[in-house]
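Now for the letters of each chain:
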Amino acid sequence: MKALNWIAWTSACIGVLIILLGVISGLIGKSILPIQHVVNYFHVANSFFLITIALFVFLFRCQCKKE
């Protein structure tokens with residue numbers, strides 16, 4: 001369970017970093033990663049946030065079953 005918690009937090013951090021890259025890319029007008037449009041950064045970050053939410057829900061449900 002501890003490994004899933006680490007994976008969830010890592011996924012959340014990656015999502016936040018990708019959003020920051022998208023904001024910076026939008027401000028400077030150049031693409032930092034090989035992504036054409038700024039909106040695509042947020043689509044990629046959305047996937048990481050969905051993984052994070054799913055893992056936290058799973059971890060929360062498993063804790064409820066133990067008690």
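Everything here concerns the structure above.
Chemist: I keep staring at the overall build of the protein and nothing clicks. Help me out?
Modeler: Helix and strand content of the protein: 2 helices and 0 strands. Taking 11 Å as the expected radius of gyration for a compact globule of 67 residues, we find that the protein reaches 15 Å, considerably beyond that expectation. Within the span of the protein, comprising 67 residues, buried residues form 21% of the whole.

Chemist: Would you mind going over a nonpolar patch on the surface with me for this structure?
Modeler: There is a patch of nonpolar side chains on the surface, built from Val16, Leu17, Leu20, Val23, Ile24, Leu27, Ile28, Ile32, Leu33, Val38 and Phe42 and spanning about 950 Å² of accessible area. For the nonpolar patch, the secondary-structure elements that each account for two or more residues are helix 1 (2-28) and helix 2 (38-66). Per element, the largest residue contribution to the nonpolar patch is 7 residues, and it comes from helix 1. Its location among the elements puts Ile24 in helix 1. Ile24 sits in the partly exposed class, given a relative accessible area of 41%.

Rules and cut-offs
Residues numbered from 1 in each chain as written. Predicted model: local features only at pLDDT ≥ 70, side-chain atom pairs only at ≥ 80, totals over all residues. Heavy atoms only, no water. Helix = DSSP H or I, 4+ residues; strand = E, 2+ residues; numbered from the N terminus. Rg over C-alpha atoms; globule rule 2.2 N^0.38 Å. Buried < 20%, exposed > 50% of the residue type's maximum accessible area, 1.4 Å probe, protein only. Patch = residues over 30% accessible without salt bridge, like charges linked within 9 Å, V, L, I, M, F, W, Y side chains within 5 Å. Areas by Shrake-Rupley, 256 points an atom, 1.4 Å probe, with all protein chains shown as cover. Salt bridge = Lys/Arg side-chain N within 4 Å of Asp/Glu carboxyl O.

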